[in-house]
Amino acid sequence: MGSKNSDSLETEQILIEGNSNVRILILNRPWQLNALSHQMISGLLEKFLTYEEDPNVKLLIVKGQGRAFCSGGDVASVARLGNEGRWDLAAKFFWEEYVLNFTLATNMTPQVSLLNGIVMGGGAGVSIHGRFRVVTEKTVFATPETSLGLFPDVGATYFLPRLPGFLGEYVGLTGTRLDGAEMLACGLATHFVFSSKLASLEEELSKVDTSNPDIICTVIDRFSQKVPLKEGSAFRRLNVIDKFFSQRTVEEILSALEKEAANGADAWLSATIKSLKAASPTSLKISLRSIREGRLQGLDQCLIQEYRMVCHVLRKKFSKDFYEGCRAILIDKDRNPKWEPSKLELVSEKMVDHYFSKVDEEKWRDLELPRRKNTKDIFARPRL
C-alpha cells in the first residue's frame, strides 16, 4: 500500500493514502467512532470533487479507523449550536452533508466503501450512495434517528423505501440493527468479505488502473462470499414485517403489533413495540411520511425535502425533541428523554405538514444541489 502523503488534511481527521490511480480516504476520529465533523464533511466533499476532475484517479476507497466505519454525524455539536440560538449555522452542517451525499451518488469515479464495524446515520450517507459497499462479519448498520428526536436523513428517505417490501419502514422507524449478512440480503451492501481478507482486497484494489465498474467488481468478487442469515434475523420475517409496516399510520402499525402481541409475544414483537414506544412520536410520524413519499421521488427531491425537515427540527418551533434526544442519549446519557408532544395522538397531521413546508424566514432558501454530469441511479433495486 502507498504511504500517507501531503494530501492529508492538517487536522488528520481524514487521512489520505494510496497511489496515483487509487486514493484511500480514511475517516480518522476513532475515539468518536469516526463521527463526521463539519470539517470532515467539507474535506470529503473537496477531495471527491478534486479526484473526480483528476484523470489519473481511477478508484476511491473509503474506510474508517478503529472499530467503526462511521457512527454518524456529530449531532451533539449541531445541537449545541441550535441551543445557542444559532440554528442557521447548524443547518449549514446538514446543507453540506446533503450536498456531499448527492455528490457521492453522482460521482463519475467509482467508490468502494469498506464497512468494517459501525455504520449509522451519516455513516450510511458517505457509503450507501457509493457504487460498492463491502460489509464484514463485524458490520453493524442502523438508522437510529427516531430515538434522537430526528428522522432518517442523508438520503435515507431515498434508499430505505427501495429495500424489499416494507423493510425500509421497519428499519427507519425502529432503528433496528442489521448485520453484514442482512445488509447483503436486502441490497444495502453489494459484497460480503470477511474482515481477515480486507487487507488483501485493499492490496488488489490498489493495483486497479481502470474506472470500469465491471473490472472492479470482478476484483471484489474474488474475495467475497455468500453468507447465511442468522436464525433470528429480521430478514427472515419479511412477510410479518410487511403485514405490520404496510399500515397507513404509525398508530395503526403499533396497534397491529400490540394486537398480535396480545396473542403471545415473541422476542421480535416485544423489541419492535418497545423501540417504537421509546422513540419520539413526532419523529416517528415525520419519518414514516418521508419514507413513504421517498418511494416516488428521486434522490435530489428526497435531499431537498430532508433539508426542509431538518431546518424545522433545528428551529424547534413545533417540537424540541431533537435537543431533548441529544441531551438524554449523548450528553446526560440518562436515556430517558421527555418527548413533547408525548403521545402519537397528540401529533396532528397539520403539525406533520409543517415539517414538509418551506421555512417561513426571509433569508432561508431550499437546498441547492450542484449540476452533475452523472445522474444515473446506481442504487438499483436489490438482488433478492
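Residues numbered from 1 in each chain as written. Predicted model: local features only at pLDDT ≥ 70, side-chain atom pairs only at ≥ 80, totals over all residues. Heavy atoms only, no water.

Caption draft 1: The arrangement of the overall build of the chain in detail. Counting its secondary structure elements, the chain contains 16 helices and 10 strands. For 384 residues, the compact-globule estimate of 2.2 N^0.38 gives 21 Å, and the C-alpha radius of gyration of the chain, at 20 Å, lies within 12% of that figure. Counting across all 384 residues of the chain, residues that qualify as buried make up 58%. Within the chain, residue pairs in contact and separated by at least 24 positions form 73% of the contacts whose partners lie at least 6 positions apart. (Helix = DSSP H or I, 4+ residues; strand = E, 2+ residues; numbered from the N terminus. Rg over C-alpha atoms; globule rule 2.2 N^0.38 Å. Buried < 20%, exposed > 50% of the residue type's maximum accessible area, 1.4 Å probe, protein only. Contact = heavy atoms within 4.5 Å.)

Caption draft 2: How the structure looks around the sheet that holds strand β7 (residues 132–135). Strand order in the open sheet formed by 6 strands is β1-β2-β3-β5-β7-β10, with mixed pairing between adjacent strands. Every interior strand has two partners, whereas the edge strands, β1 (14–18) and β10 (191–192), have only one. In the sheet, strand β2 (residues 22–27) pairs with strand β3 (residues 59–64) via 6 bridges, with the strands oriented parallel. By the bridge assignment for β3, V22 is matched with L59. Against the sheet, helix α9 (residues 213–221) engages β3, β5 (111–115), β7 and β10, with an angle of about 5° to β7. (Pairing = 2+ DSSP bridges. Axes fitted to C-alpha atoms, helices over the stretch in contact; angles between N-to-C directions.)

Caption draft 3: Structural context of the confidence of the model for the chain. Counting all residues, the mean pLDDT for the chain is 94, and 95% of those residues have values of 70 or more. pLDDT under 50 marks residues 380–384. Its contacts with residues more than four places away, or in other chains, come to 12 contacts. (pLDDT = per-residue confidence, 0-100.)

Caption draft 4: Helix α1 (residues 38–53), seen in detail. Across its 16 residues, α1 extends 23 Å between first and last C-alpha, which sits within 8% of the 22 Å expected from 1.5 Å per residue. What α1 keeps buried is the set M40, I41, G43, L44, L45, K47, F48, Y51 and E52. Lining the buried residues of α1 we find β1, β2, β3, α3 (87–105) and β5. (Expected span 1.5 Å × (residues − 1).)

Caption draft 5: Spatial organisation of the side chain of N21. Following the sequence through the fold, N21 ends up in the loop between β1 and β2. The buried category is assigned to N21, whose relative accessible area is 19%. The contact partners of N21, leaving out residues within four places of it in the chain, are N56, V57, K58, L59, V208 and D209.

Caption draft 6: Representation of the pattern of salt bridges. Applying the stated criterion across every chain yields a total of 24 salt bridges. Where R29 meets D74, a salt bridge forms, and the shortest distance between an N and an O atom there is 3.6 Å. Of the two residues, R29 is situated in the loop between β2 and α1 and D74 in the loop between β4 (68–70) and α2 (75–83); the sequence distance between them amounts to 45 residues. On the basis of relative accessible area, R29 is assigned to the buried category, the value being 13%. Across the salt bridge formed by R372 and E52, the nearest N and O atoms sit 2.9 Å from each other. Remark: E52 occurs in helix α1 and R372 occurs in the segment after α16 (349–355); sequence separation between them is 320 residues. Of the two residues, R372 and E52, both sit in the buried class. Within this structure, E324, R327, D332 and D334 form a network of salt bridges that share partners. (Salt bridge = Lys/Arg side-chain N within 4 Å of Asp/Glu carboxyl O.)

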